[in-house]
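# Breakdown of the fold
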Amino acid sequence: MAPIALTLCLISIASLLLSLSQLALLGKQGVQLPLHAEQILQRCNMLHAKPGPPSDFHQRTESDRFVEGTPATLIRNASIWTGDREITQGDILLDKGIIKFVGHASPGMFNNFKDLVTLDAGGSWVTPGIVDLHSHLGVDSAPALNGAGDTNSWKGPILPWLRSLDGLNTHDDAYRLSISGGVTTANVLPGSANAIGGQAFVIKLRPTAERSPSSMLLEPPYTLNGTHVDPTLPPRWRQMKHACGENPSRVYGNTRMDTFWAFRQAYDTARQIKEQQDAYCTRALAGEWENLGEFPDNLQWEALVDVLRGRVKVHTHCYEAVDLDDFVRLTNEFQFPIAAFHHAHETYLVPGTLKQAYGHTPAAALFATNARYKREAYRGSEFAPRILAENGIDVVMKSDHPVLNSRFLLYEAQQAYIYGLPAHLALAAVTSTSARIMGQDHRIGFVREGYDADLVVWDSHPLALGTTPQQVWIDGIPQLSEPAVASKPASFQQAPRTPNFDLEAAAAIKYDGLPPLTPKKAKDLVVLANISSMFVPDGMGGVMSVAEVGEGSVVALRKGVVRCCGAAAACADEFASEDAEWIDLEGGSIAPGLISYGSPLGLEEIQGESSTHDGTVFDPLTGSIPSILAGSELIKASDGLQFAGRDTLIAYRAGVTTGVTAPSSDGLIVGLSTAFSTGAAHRLEDGAVIQDVAALHVQIGHSNRGPSVSTQIAALRNMLLDAKSSTTFTEVAKGAIPLVVQVQNADIIASLIELKKEIRARTGTDIQLTVSGAAEAHLLAEELGEAGVGVILTPSRPFPDYWESKRILPGPPLTHESAITILLAHGVTVGIGTVEQWSARNTRFDVAWAALESFDRISKEQALALASVNLEKLLGVKPSGGLGDMVATRGGTVLDSEAKVVGIISARRGVVDLI
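All residue numbers refer to positions counted from 1 along the written sequence of the respective chain. Reporting in this predicted model follows two pLDDT cut-offs: at least 70 for local features of residues, and 80 or more for side-chain atom pairs to be given and counted; totals over whole chains, interfaces and linings ignore these cut-offs and use all residues. Neither water nor hydrogens contribute to the side-chain values; these are computed over all heavy atoms in the structure.

### Considering the overall build of the protein
A helix here means a DSSP run of H or I that spans at least four residues, while a strand means a run of E at least two residues long, and both kinds are numbered starting from the N terminus. In terms of regular secondary structure, the protein is built from 23 helices and 35 strands. The C-alpha atoms of the protein give a radius of gyration of 30 Å, which matches the 29 Å a tight globule of 915 residues would have. Judged by the C-alpha coordinates and their principal axes, the protein covers about 110 × 75 × 55 Å. Throughout, a residue-residue contact means that at least one pair of heavy atoms, one from each residue, lies within 4.5 Å. Here the contacts in the protein between residues at least 6 apart in sequence split such that 73% fall between residues at least 24 apart. Split by element, the accessible area of the protein, about 35500 Å² in all, is 51% carbon and sulfur. Computing the positive centroid from 74 side-chain charges and the negative centroid from 99, the protein places the two 2 Å apart. Throughout, the radius of gyration refers to the C-alpha atoms, and the reference size of a globule is 2.2 Å times the residue count to the power 0.38. Accessible areas in this description were obtained via Shrake-Rupley with a 1.4 Å probe; residue shielding takes into account the shown protein chains only. The charged-residue count follows a simple rule in which Lys and Arg add positive charge and Asp and Glu add negative charge, with His and chain termini not counted at all. Charged groups are reduced to one reference atom each: NZ for lysine, CZ for arginine, CG for aspartic acid, CD for glutamic acid.

### A short note on the nonpolar core
The term nonpolar core refers to a set of buried residues drawn from Ala, Val, Leu, Ile, Met, Phe, Trp, Tyr and Cys, joined through side-chain atoms within 4.5 Å. Relative accessibility under 20% of the residue-type maximum defines a buried residue, over 50% an exposed one, and the middle range a partly exposed one, all with a 1.4 Å probe and only protein chains included. Formed by 175 residues in total, the largest nonpolar core has its most connected members in Leu739 and Leu784. Leaving out residues up to four positions away in the same chain, Leu784 has contacts with Ile749, Ile753, Ala777, Val789, Val791, Leu823 and Val828.

### With respect to empty space enclosed by the protein
Think of a 1 Å grid over just the protein atoms. A cavity is a set of points where a 1.4 Å probe fits yet cannot get out, a pocket is an open set with protein on both sides within 12 Å along at least five of seven lines, and lining residues have an atom within 4 Å of a point. Grid points are joined across faces, edges and corners, and a volume is the space filled by probe spheres set on the points. Evaluated as defined, the whole model comprises three cavities of 30 Å³ or more. Around the largest cavity, the lining comprises 26 residues; the ones closest to its centre are Arg407, Phe408, Arg797, Trp849 and Glu853. Secondary-structure elements contributing two or more residues to the lining of the largest cavity are helix 10 (409–418), helix 20 (819–825) and helix 21 (843–852). Polar here means any residue outside two lists: the nonpolar Ala, Val, Leu, Ile, Met, Phe, Trp, Tyr, Cys and Pro, and the charged Asp, Glu, Lys and Arg; Gly therefore counts as polar. Looking at the lining of the largest cavity residue by residue, the classes come out as 14 nonpolar, eight polar and four charged.

### Overview of helix 15 (residues 646–653)
Burial within helix 15 is extensive, with seven of its eight residues counted as buried. Listed in full, the buried residues belonging to helix 15 are Arg646, Asp647, Thr648, Leu649, Ile650, Ala651 and Tyr652. Looking at the buried side of helix 15, the elements it contacts are strand 24 (656–661), strand 26 (674–677), strand 34 (900–906) and strand 35 (911–914). In the stretch just after helix 15, Gly655 is the one whose phi turns positive, near 95 degrees.

### Topic: the packing of helix 16 (residues 709–721) against helix 18 (residues 746–763)
For helices, the axis comes from a line fit to the C-alpha atoms of the stretch in contact; other axes are also lines fit to C-alpha atoms, and the angle between any two N-to-C directions lies between 0 and 180 degrees. Across the interface, helix 16 lies against helix 18 with an axial gap of 11 Å and an inter-helix angle of 25 degrees. Classed by the angle they form, the pair helix 16 and helix 18 counts as roughly parallel. Handedness of the helix 16/helix 18 crossing: right-handed. Contacts from Val709, Ile713, Leu716, Arg717, Leu720 and Leu721 of helix 16 reach helix 18 at Ile748, Ser751, Leu752, Leu755, Glu758, Ile759, Arg762 and Thr763. Residues that form the contact of helix 16 with helix 18 fall into these classes: nine nonpolar, two polar and three charged. Every angle not falling under 35 degrees, over 145, or within 65 to 115 is termed oblique; those three ranges are roughly parallel, roughly antiparallel and roughly perpendicular. By convention the crossing between two helices is left-handed if the near helix lies anticlockwise of the far one by an angle smaller than a right angle, and right-handed if it lies clockwise.

### Examining the sheet that holds strand 32 (residues 830–832)
When DSSP finds two or more bridges between a pair of strands, those strands are recorded as paired. In spatial order, the strands read 25-28-29-30-31-32; together these six strands make up an open sheet with mixed pairing. Looking along the sheet, the strands with just one partner apiece sit at the ends: strand 25 (669–672) and strand 32. Between one strand and the next, the sheet's axes are offset by a mean angle of 20 degrees, whatever the strand orientation. Pairing geometry for strand 25 and strand 28 (residues 696–699), over three bridges, is antiparallel. If you follow Leu672 over to strand 28, its bridge partner there is Leu696.

### So, the pairing of strand 3 (residues 98–103)
Summarising burial for strand 3: five of the six residues are buried, a large majority. Direction of pairing for strand 2 (residues 86–95) relative to strand 3: antiparallel, over a ladder of five bridges. Residue pairing for strand 3: Asp95 is matched across the bridge by Ile98.

### Concerning the state of the cysteines
Cysteine sulfur atoms are paired as a disulfide whenever they come within 2.5 Å of each other. For the structure shown, the criterion picks out three disulfides. Two residues, Cys44 and Cys281, share a disulfide whose sulfurs are 2.1 Å apart. Disulfide Cys44-Cys281: torsion about the S-S bond near -75 degrees, hence left-handed. Of this pair, Cys44 sits in helix 2 (residues 37–46) while Cys281 sits in helix 5 (residues 256–285), and the two are 237 residues apart along the sequence. Cys281 shares its class with Cys44; the two are buried. The disulfide pattern of the protein is 1-3, 2-4, 5-6 when the bonded cysteines are numbered in sequence order. Note on Cys565: no disulfide assigned, nearest cysteine sulfur contributed by Cys564 at a separation of 6.3 Å. Taking relative accessible area as the criterion, Cys565 reaches 26% and is therefore assigned partly exposed.

### Brief notes about the sheet that holds strand 12 (residues 363–366)
Here eight strands make up an open sheet; going across it, the order is 6-7-8-9-10-11-12-13 and the pairing mixed. Strands at the two margins of the open sheet, each flanked by one partner only, are strand 6 (130–135) and strand 13 (395–397). For this sheet, the mean angle separating the axes of adjacent strands, direction not counted, is 25 degrees. Sheet analysis places strand 10 (residues 312–318) next to strand 11 (residues 340–343), joined by four bridges and oriented parallel. Residue pairing across strands places Thr316 opposite Phe341, the latter belonging to strand 11. Strand contacts of helix 5: strand 8 (196–204) and strand 9 (238–243), with the helix running at about 150 degrees to strand 9, the strand carrying the most contacts.

### Structural notes on the packing of helix 5 against helix 7 (residues 321–334)
Where helix 5 meets helix 7, the closest approach of the two axes is 11 Å, and the angle between their N-to-C directions is 15 degrees. Comparing their axes, helix 7 and helix 5 come out roughly parallel. The interaxial crossing formed by helix 5 with helix 7 has right-handed handedness. From helix 5, Arg256, Phe260, Phe263, Arg264, Tyr267, Asp268 and Arg271 reach across to helix 7, where they touch Val322, Asp323, Asp326, Phe327, Leu330, Glu333 and Phe334. Tallied by class, residues from the contact of helix 5 with helix 7 come to seven nonpolar, no polar and seven charged.

### A few points about the side chain of Gln415
Residue position: Gln415 is located in helix 10. Gln415 gets classed as buried once you look at its relative accessible area, which sits at 1%. Discounting chain neighbours no more than four positions away, the residues touching Gln415 are Ala368, Thr369 and Asn842.

### Some thoughts on the side chain of Glu804
Among the structural elements, Glu804 can be located in the loop between strand 31 (790–793) and helix 20. Here, a salt bridge means any Lys or Arg side-chain nitrogen found within 4 Å of an Asp or Glu carboxyl oxygen. Here Glu804 occupies a buried position and makes no salt bridge, while the nearest side chain of opposite charge, Arg807, is found at 9.5 Å. There is a polar contact of 2.9 Å between the side chain of Glu804 and the side chain of His702. In this structure Glu804 touches Gly701, His702, Gln744, Asn745, Ile748 and Glu776, once residues within four positions along its chain are discounted. Counted as a polar contact is a pair of N or O atoms within 3.5 Å, where, for protein atoms, one must be capable of donating a hydrogen and the other of accepting one, and residues adjacent in sequence contribute only when both atoms are in side chains.

### Focus: the confidence of the model for the protein
Caution is warranted with low-pLDDT regions, since their predicted coordinates should not be read in detail. By definition, pLDDT measures how confident the predictor is in each residue, and it falls between 0 and 100. The predicted model of the protein has a mean per-residue pLDDT of 93, with 95% of residues at 70 or higher. Under a pLDDT of 50 for its full length, residues 1–28 has, in the predicted model, 36 contacts with residues more than four places off or in other chains.

### Some remarks on the pattern of salt bridges
Under the counting rule described, the total for this entry stands at 55 salt bridges. The closest approach of N and O atoms between Glu320 and Arg256, which form a salt bridge, is 2.8 Å. Of this pair, Glu320 sits in the loop between strand 10 and helix 7 while Arg256 sits in helix 5; the two residues are 64 residues apart in sequence, bridging distant segments of the chain. Residue Glu320 is classed as buried on the basis of its relative accessible area, which comes to 7%. On the basis of relative accessibility, which here comes to 24%, the residue Arg256 falls in the partly exposed class. The residue Lys488 makes a salt bridge to Asp459 at a minimum N-O spacing of 2.9 Å. In this pair, Lys488 is assigned in the loop between strand 16 (477–478) and helix 13 (502–510) and Asp459 in the loop between strand 14 (455–458) and strand 15 (469–474), connecting sequence segments 29 residues apart. The two residues Lys488 and Asp459 agree in class, both being buried.

Dropping the structure here:
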């Protein structure tokens, strides 16, 4: 028996014997021993026991999750990141669901293992499985269906008695996808509609023979299906979700004052029960049985009482300083610790407040760049992880799946690293730190002997952009059948260099989370020196590399126009006669400005604040059009443009120089998109509106509220074939401007292809048809290519959010092809888009990722085209020729995570903006 268990047992026995001897004395006075005295004493002895594993846990020879028949696996020649350090070229033995050996194995060391599976990693990186501290896998299921929406209860703001386990859907399509991204463990939290949403449960993602939610659990409470206490074992950690701020206020029509009074009431109730229990046990342990009665328990509140006993990891959805401060005061009033503040967008501004929390400083569980989607997230910063780490606060990167697809949780760590979080802390933020914060670091989050056999072998360094698992083990069981593994450049086997963002990080603090984003205007004459490559539109719808530009080249610019490029000597005449501004790109590059499409960029500042929106257009299929709009039913997005928004300027600073945005609509007719400069200060500035009208947009899909899909297509057919000669629909029918249809489902796309053929048969003209969204377009790649229909994949890495986007092509490692590669192979013009405006800044990484997982079938030039010239063609934006914007990057190309955007070259606007 383990020492801690033996000690607990002896304490229990001693207390019982003591009480019995006291009872013998009292018996003379007629005091009767309760029937369950022994159980009462055991329970009282355990009230103050803290959670944790038995002391001999790491002497175990078999995991409690071991599946009989799983062969042992030896991974040889691996570059190992253990959770806190690196071991180069080591070996790892997995057996009976645990890690049995880490180090350098001698020949024949494991000859006694029958049916040993040996994998030569060839120097590939091995890390612990990814641990997601904040997920809604299984309760906010994919695809989203009414019958499987179990994220939140709406029965009241205080619900500590609810359990996410009771709604865990084992048929969620996302388990397989998340495993393919290396995620092995997730903390499944209730949602944030309530101040106390309920109890969370940690699960392993692999399918089990039992096919039950309970079989997925990792160390659930011993009392999961009962109320008994095992006096020989310490309790296991429990998890609970809290939320403050806008969400519970919005759901219940409350203010922050209401929410925190609800918190205080709930904790006061729990405190009273705890005090009653403590008083009861004081008497029981003293042998004072007379009139003692029953143990004061309450099934509804017992979990919150356990919070006060320090036996629950409290995960609190909390964004801004007022809520953080409120909650820290709550912890001190009722004396309970917090495991982590989640989302925590302003924690980097108030690290001292976090350090005042009761017991210990909570961690901050963050997004990397997802911010500004509501007011309390408006001051979020990409530099928050590094700033918090510099203040000694634990940093966790989390997915909030499906808010972010947890398949790409490692990408959050990669971005945190790019913006300054040290490499070891970035990796720990999705492995060992997250395991420790949830109280499971005794068995997951590390590559150590005695730990669970949850490992990932990666095709490149885990902090390199686009890194993908070659294999994932959960409990020693490989999860990927015939994984598709792309070959990555040799340089990707090392952690990438990171740009210097010291000034930007300091400004984030100096300006209270809202640093100035307006770029500095350069002199009229600018010389970009030490350039290694230059990419420009080729004039035929593609992108090409400029042969004259190589190592050490220069580009001379006058008012944003290229006057000379090549060797410095060849361009000397351009800058010899006047004072030029020289900028050293340190081996950097120049590329076409990128285009963002798909989000309401330029029409919306804060998603959750309607007063910052352009608004929603009227839909003729679901409501009447006001008479004042007669003849002007098609709304122009250009009329509602908002310039100099934070997401817009952040995108500009990341190389996205053009936004193409359509009006916002809930119905069939969306309206006319516009192309605008993301760097312009206002509409009247030269070059601010690049093209007033780009394309006509509609959207077709399944809806619980709107008319049928067949009705929507019939309406579109009538508008195109029966259009009056002067209408925009006539221009579409003539092929003069593109028709862009937002659609996900392959069957609807097939009907649109047929509609295109029908219009040609009846009018003799070929419409310019583009489908966007297009999650299932890969199923019709050949037909789309033959019909000349273009595709904008939005987002570029698919997820089966809804039933009509269920049949995605996930790409490596699950499939050899991605939607992009298969569409390009069939001659389809492909572009990529984004769904939310905050992610426009990451367009450069999205196109780079597409190339990295293409098995070398997408060149740098083709990757750049996905978010530049291809989008121009698909969206009806006229090519800019020599007036097109360009992006200057230092330390690499715009596709490289090592590179930093340092300048925007705009001949159209006659400027070079310095970032």
